[in-house]
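# Chain and residue survey
Spelled out, the chains give:
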Amino acid sequence: MNAPVALDAMGGDHAPRETVAGALLAAAAGVPVVLVGDEARLRQELAAQGGELPVVHAPEVIDMHAHATEVRRRRQASINVAMRLVREGEAEAAVSMGHSGATMAAALFTLGRVQGIERPAILAEIPSEAPSGRVHLIDAGANADVRPQHLLQFARMGAAYAERMSGVARPRVGLLSIGEEPTKGNQLVLEAHPLLAESGLNFVGNVEGRDVLADAADVIVTDGFTGNVVLKLAEGEAKILFGWIKQALTSSLKAKLGAWLAKDALRSLAARMDPAEYGAMPLLGVRGPAFIGHGASDRRAVKNALLRAHKMARSGLVEALAAVE
């Protein structure tokens, strides 16, 4: 029997209602799931939703306002229990929509780093004009301060992910900077550029902020501080843009008629831009698939996160990352 994906069912703003609902959707799609959290509450929620899933009891929760250091002290917290299931081979991956810092800390403390990886990094998939329909941004928030060799490791991990998870052959790797020329950028970028150029990766040089959503690269490498700003800017811009479109399409009877005629195309575009389509972001460089979702995730995001974790567990990616230097 295949090992299930362990879901921290107590993590997130809408847990356990939406986490349980998402888990049931994933199970219906063929992904084995085990819920981790307060057993009584989870059994009650499963009964209310008319579903059945295995549950592993975890009496504690690290809520969104707690400090990530609580991970070491609260050993029976749901995120810690989920990570231990992965470490012990009782689960193939762990997913949490809860405290992102606690999830990263639990993955590091419990699973440990892949040999040769100094800094695990978060990878975010952003809709773009690339042939795969997305660009892979790494790091998206795990490491605010890094050294040039860390960016090289991020590039190798991002390329491996794009190849195995998105089907991109020989992914193009770009280094985020303030200009295309190799002489442009801060000291980190200036020192990382020659490392990437000599790495054997399909390095296409520097890319600018305007290139992130264009067909300039399949993988964009940066530090976690900059990457998180880019990610949040993209998410915020998409939300504002759709608000403007909605206002324009409801501004007159003629506009409303046009909106009705274009509703299917608009629905498709909205789905492509919705972060819930990607579900959660993987923390690459730890010894097991670990995914970090948004606290506000709904059941569709939870389902997609579980599907992506299941796919990664079977992709051989973690083993491939062991070859990253």
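This one's a predicted model, so the numbers in the text were calculated from it and none came from an experiment.

### Thoughts on the domain arrangement of the protein chain
Structurally, the protein chain comprises domain 1 (1–117 + 285–324) and domain 2 (121–245). Using C-alpha coordinates to define each centre, domain 1 is positioned 26 Å away from domain 2. Taken together, the contact between domain 1 and domain 2 spans 14 residues of the former and 11 residues of the latter. The contact between domain 1 and domain 2 buries some 1,200 Å² in all, and 70% of this surface belongs to carbon and sulfur atoms. Where domain 1 meets domain 2, there are 1 salt bridge. Where R308 meets E125, a salt bridge forms, and the shortest distance between an N and an O atom there is 2.9 Å. On the surface where domain 1 and domain 2 come into contact, there are 4 residue pairs in polar contact (both at pLDDT 80 or more).

### A short note on the sheet that holds strand β6 (residues 134–138)
A sheet is described by the order of its strands in space; here 11 strands give the open sequence β3-β2-β1-β4-β11-β10-β5-β6-β9-β7-β8, paired in mixed fashion. Either end of the sheet is taken by a strand with one partner, and the two such strands are β3 (55–57) and β8 (202–207). The average angle at which neighbouring strand axes cross in this sheet is 25 degrees, direction not considered. Seen against the sheet, helix α5 (residues 100–111) touches β4 (93–96), β5 (121–127), β10 (280–284) and β11 (290–293) and runs at an angle of roughly 175 degrees to β11. Its contacts with the sheet put helix α7 (residues 187–197) on β7 (172–176) and β8, and the angle it makes with β8 is roughly 160 degrees.

### Things to note about helix α6 (residues 148–166)
Here α6 is 19 residues long and its end C-alpha atoms lie 26 Å apart, about the 27 Å a rise of 1.5 Å per residue gives. The element α6 is largely enclosed, with a buried count of 15 among its 19 residues. Positive phi appears at G167, one or two residues downstream of α6, with a value of about 70 degrees.

### Regarding the pattern of salt bridges
A full pass over the atoms with the stated rule returns 13 salt bridges. Notably, a salt bridge pairs R172 with D218, separated by 3.0 Å at the nearest N-O pair. Residue R172 is found in strand β7, and its partner D218 is found in the loop between β8 and β9 (219–221); the two are separated by 46 residues along the sequence. Here D218 falls in the buried class, since its relative accessible area comes to 4%. The network of salt bridges with common partners includes R17, E18 and R299.

### Things to note about the environment of L24
Mapped onto the fold, L24 is located in helix α1 (residues 17–28). A C-alpha to C-alpha distance of 9.6 Å links L24 and G50, two positions 26 residues apart in sequence.

### Brief notes about α7
Among all positions of α7, only L188, V189, A192, H193 and L196 are buried. Taken end-on, α7 shows its buried residues confined to a sector of 130 degrees, consistent with a single buried face. Among the structural elements, α6, β7 and β8 are those in contact with the buried residues of α7.

### Description of the side chain of S315
Examined against the element boundaries, S315 turns out to sit in the loop between α11 (299–313) and α12 (317–321). Since its relative accessible area comes to 17%, S315 is described here as buried. If we ignore the near neighbours within four places in the chain, the residues touching S315 are R164 and M165.

### Some words on the pairing of β4
Residues A93 and V95 line one face of β4 and the alternating positions A94 and S96 line the opposite face, and both faces are buried. Two elements, strand β1 (residues 5–8) and β4, share 4 bridges in a ladder whose sense is parallel. Across the sheet, residue V5 finds its bridge partner in β4, namely A93. In this structure, β4 lies alongside β11, joined through 3 bridges in parallel fashion. In the sheet register, S96 faces β11, and the bridge partner there is I292.

About the cut-offs
Along every chain, residues carry numbers that run from 1 in the direction the sequence is written. pLDDT decides what is reported in this predicted model: residues at 70 or higher carry local features, side-chain atom pairs at 80 or more are listed and counted, and totals for whole chains, interfaces and linings draw on all residues regardless. Derived side-chain values reflect all non-hydrogen atoms in the structure, with water molecules and hydrogen atoms excluded from consideration. Those domain boundaries reflect an automatic or database domain assignment. Contacts are assigned to residue pairs that have any heavy atoms within 4.5 Å of one another. The term buried area refers to how much accessible surface (probe radius 1.4 Å) is lost by two components on association, counted for both of them together. What counts as a salt bridge is simple: a side-chain nitrogen of Lys or Arg found within 4 Å of a carboxyl oxygen of Asp or Glu. For this analysis, a polar contact is any N or O atom pair within 3.5 Å, provided that within protein one partner can donate a hydrogen and the other can accept it, and provided that sequence-adjacent residues contribute only side-chain to side-chain pairs. Here, a strand pair is defined by DSSP locating no fewer than two bridges between the strands. Segments assigned H or I by DSSP are reported as helices when at least four residues long, segments assigned E as strands when at least two residues long, and all are numbered from the N terminus. Axis definition: a line fitted to C-alpha atoms, limited for helices to the stretch in contact. Angles are taken between N-to-C directions and run from 0 to 180 degrees. Expected helix span is computed as 1.5 Å times (number of residues minus one). Residue burial is assigned from relative accessible area. The probe radius is 1.4 Å, only protein chains are included, and a residue is buried under 20% of its type maximum, exposed over 50%, and partly exposed in between. In this context, the arc is that of the directions from the helix axis out to the C-beta atoms.

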